[in-house]
Amino acid sequence: MAEDFFSLTREDQREALEYARAESGRPAHLLEKDLWVVWALRALFDSPLSADLTFKGGTSLSKVYKIIDRFSEDIDLTYNIRKLIPDLIGDSSDLPTSRSQASKWTQAVRNRLPEWIARHVQPLVQEALDRERLNARLELGGPEKDKLFLHYPALAQGTGYVAPVVTLEFGGRATGEPHQVFPVGCDIAAYLPEVSFPTAAPVVMSIARTFWEKATAAHVFCAQGRIRGERYARHWHDLAAIARSPHFVTVIADRAVAGVVARHKSCFFIEKDRDGQTIDYVAATTGHLKIVPKGEARAALAKDYAAMLADEVMVGDTVSFDKLLEACAELEAKVNEAAA
């Protein structure tokens, strides 16, 4: 019977990571973090919370759909808005009918989501840690207290770009649909069949919705001409990867999901461009998508992309920044042509 990884001594765990590194060519600190990512997914989706949670974002593209060739380190999750503010939504649509109603719903989500995480998610994950006698620490954080940080005792180190922390980032302004259940395993498992590693079965957002959420985020960045924080370049990498995948034709043909994302962001994520005009998400999803930045925005994105590559988060050959944006320009043209 295979021995559980977490029951091994720290020295044996370190040796296992080093063996997998040598066999796979992947950095040990990324193999280790991937293991904790899957563990966290198991803790969440083996619980009663799973019925109302959706796993989404870049990590879902990597772990579930096997589309992207970069290590995606954090876990993006949507908690069903119908469960979070049922008293405000009632039997109506899960989209507000006016800007004032959208503001009311948004404020309610901001007020209730941190409390829900603190009362339901954090104790559940802590119970799983205690049950398995794992030496990791949980911390509720983020500017809006909508993130749960899982600090684990790292056995391996990288450059610092990828920290020994799994961030569970929660949103509560959508349903997460369309979605379905998929199995997820640890990357290291393929190299050590005699050792048992965590597995999970999360409810996962569709590729089409993930694509349009990332595409509209990139569109906003280009319209504003400025980068907000770090780790933004991953969106362009992921969009280009989806465009190379067999799913792309289906994704850009799914006008229903594109419309859902446009309407949702028009209600909950109102943004202004560099001229102070409200960014039109409907236009972005119906033939006027712009995801290739210029000037200072391009330079800032290039710097962030270089930092991402420096910590060896890419699996296999890397693409230069210029080549990446060339691919995104082709993607932009194809998406706009399909929409038209």
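For the structure given in this document, a descriptive report is provided here.

Another aspect to go through is the overall build of the chain. Looking only at helices and strands, the chain has 13 helices and 11 strands in total. Relative to a compact globule of 340 residues, whose C-alpha radius of gyration would be 20 Å, the chain shows 20 Å and is just as compact. Each of the three principal axes of the chain carries a C-alpha extent, and together these read 60 × 50 × 35 Å. Per-residue burial over the chain gives 52% buried out of 340 residues. In the chain, the proportion of contacts linking residues at least 24 apart, taken out of those at least 6 apart, comes to 72%. For the chain, the accessible area works out to roughly 15800 Å², and carbon and sulfur atoms hold 49% of it. Considering the chain, the positive charge centre built from 41 side chains and the negative charge centre built from 47 side chains are found 6 Å apart.

The buried count for strand β6 (residues 165–171) comes to five of seven residues, which makes it a mostly enclosed element. Direction of pairing for strand β3 (residues 75–79) relative to β6: parallel, over a ladder of four bridges. Bridge assignment links I75 to a residue of β6, and that residue is L168. Note that strand β5 (residues 147–151) and β6 share five bridges and pair antiparallel. Each bridged residue has a counterpart across the sheet, and for L148 the counterpart in β6 is L168.

With respect to the helices and strands, T285 occurs in the loop between α11 (281–284) and α12 (295–310). When the C-alpha atoms of T285 and R234 are compared, they prove to be 20 Å apart, with 51 residues separating the residues in sequence. Once you skip the residues sitting within four places of it in the chain, T285 turns out to touch W212, T216, R255, A258, A262 and A339.

Parameters at a glance
Residues numbered from 1 in each chain as written. Predicted model: local features only at pLDDT ≥ 70, side-chain atom pairs only at ≥ 80, totals over all residues. Heavy atoms only, no water. Helix = DSSP H or I, 4+ residues; strand = E, 2+ residues; numbered from the N terminus. Rg over C-alpha atoms; globule rule 2.2 N^0.38 Å. Buried < 20%, exposed > 50% of the residue type's maximum accessible area, 1.4 Å probe, protein only. Contact = heavy atoms within 4.5 Å. Areas by Shrake-Rupley, 256 points an atom, 1.4 Å probe, with all protein chains shown as cover. Lys, Arg positive; Asp, Glu negative; His and termini not counted. Charge placed at Lys NZ, Arg CZ, Asp CG, Glu CD. Pairing = 2+ DSSP bridges.

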